[in-house]
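An overview of the molecular structure
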Amino acid sequence: ASAAELERDLIKERVALGRARQAAGGLWPSPRPPLAYRIGADGRLEVLPDEVPVARRIWSMYVDGMPLTEMSLRLGEDGVVSRRGIPFSPTTLRGIILNPIYRGQETIMGTMRERPELRLMAGRTWGAIQKRRQRPAIKTRSDDRRSKAIDNVFDAYTAAHEEEGEGIVFCDVKKMNWHSAEAAH
């Protein structure tokens, strides 16, 4: 197994070095460019005009306060899907919202370059995104249900093991305080 591990590590290192060389030359090191971009004949990113309205819609939905899961559902309902033909996941949407390439800052393998010709997002949009990210999350009914469900599991477990004299440690999700079952009674 150690020979296989060594070979795997060598392959990973070669891939990383190859990508670093591409980045140093200003080339995009991945076969999949971000939404609203394509890889040009010279290996550099170019704007893909047909996808720009989709990216702008995603940013607008986020700035308007829509949760990522709802954005994913709404886009899917409207037939807006990724290049691979699948709905945008909340994780993918988060990446689109936070990727500095849309501000004209290309970051590849730790190397950042200003690329004003790739800027699609206005400074005020980026500011609004940052402002929303700093707001505390809105508590929803599903959060309450999840918290109650967790409380019920702990209560049932505690009740089932109380007679046996077992001390369990649990977390009160609402207060985020760790304490033992004995201390709770």
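Up top you'll find the structure we're talking about.
Residue numbers run consecutively from 1 along every chain, following the written order of its sequence. Only residues with pLDDT of at least 70 get local features here, since the model is predicted, and only at 80 or more are side-chain atom pairs given and counted; chain-wide, interface and lining totals rely on the full set of residues. With hydrogens and water stripped out, all remaining heavy atoms of the structure feed into the side-chain values.

**Describing the environment of arginine 57**
Within the secondary structure, arginine 57 is located in helix α2 (residues 52-63). Along the sequence, arginine 57 and leucine 75 sit 18 residues apart, while their C-alpha atoms lie 9.4 Å from each other. Contacts are residue-level and defined by heavy atoms, with any inter-residue pair within 4.5 Å sufficient. Setting aside residues up to four positions removed in sequence, arginine 57 forms contacts with Arg74, Leu75, Asp78 and Val80. Secondary structure elements follow DSSP: runs of H or I no shorter than four residues count as helices, runs of E no shorter than two count as strands, and numbering proceeds from the N terminus.

**Details of the environment of glycine 104**
By the secondary structure assignment, glycine 104 is in the loop between α4 (90-98) and β3 (105-108). Only protein chains enter the accessibility calculation, which uses a 1.4 Å probe; a residue whose area is less than 20% of its type maximum is buried, one above 50% is exposed, and one in between is partly exposed. Of the residues examined, glycine 104 reaches a relative accessible area of 0% and is grouped as buried. For the pair glycine 104 and arginine 119, spaced 15 residues apart in the sequence, the C-alpha separation amounts to 4.0 Å. Those residues in contact with glycine 104 that sit more than four places away from it in its chain are Arg113, Glu114, Arg115, Pro116, Leu118 and Arg119.

**Some words on the pattern of salt bridges**
We define a salt bridge as a side-chain nitrogen of Lys or Arg found within 4 Å of a carboxyl oxygen belonging to Asp or Glu. This model, assessed by the stated rule, comprises eight salt bridges. We note a salt bridge from arginine 38 to glutamate 46, for which the minimum N-O separation is 3.0 Å. On the accessibility criterion, arginine 38 (39% relative accessible area) is partly exposed. In this structure glutamate 46 comes out as partly exposed when scored by relative accessible area, which is 31%. Ionic contacts of the salt-bridge type, sharing partners, join the residues Glu106, Arg115 and Glu117 into one network.

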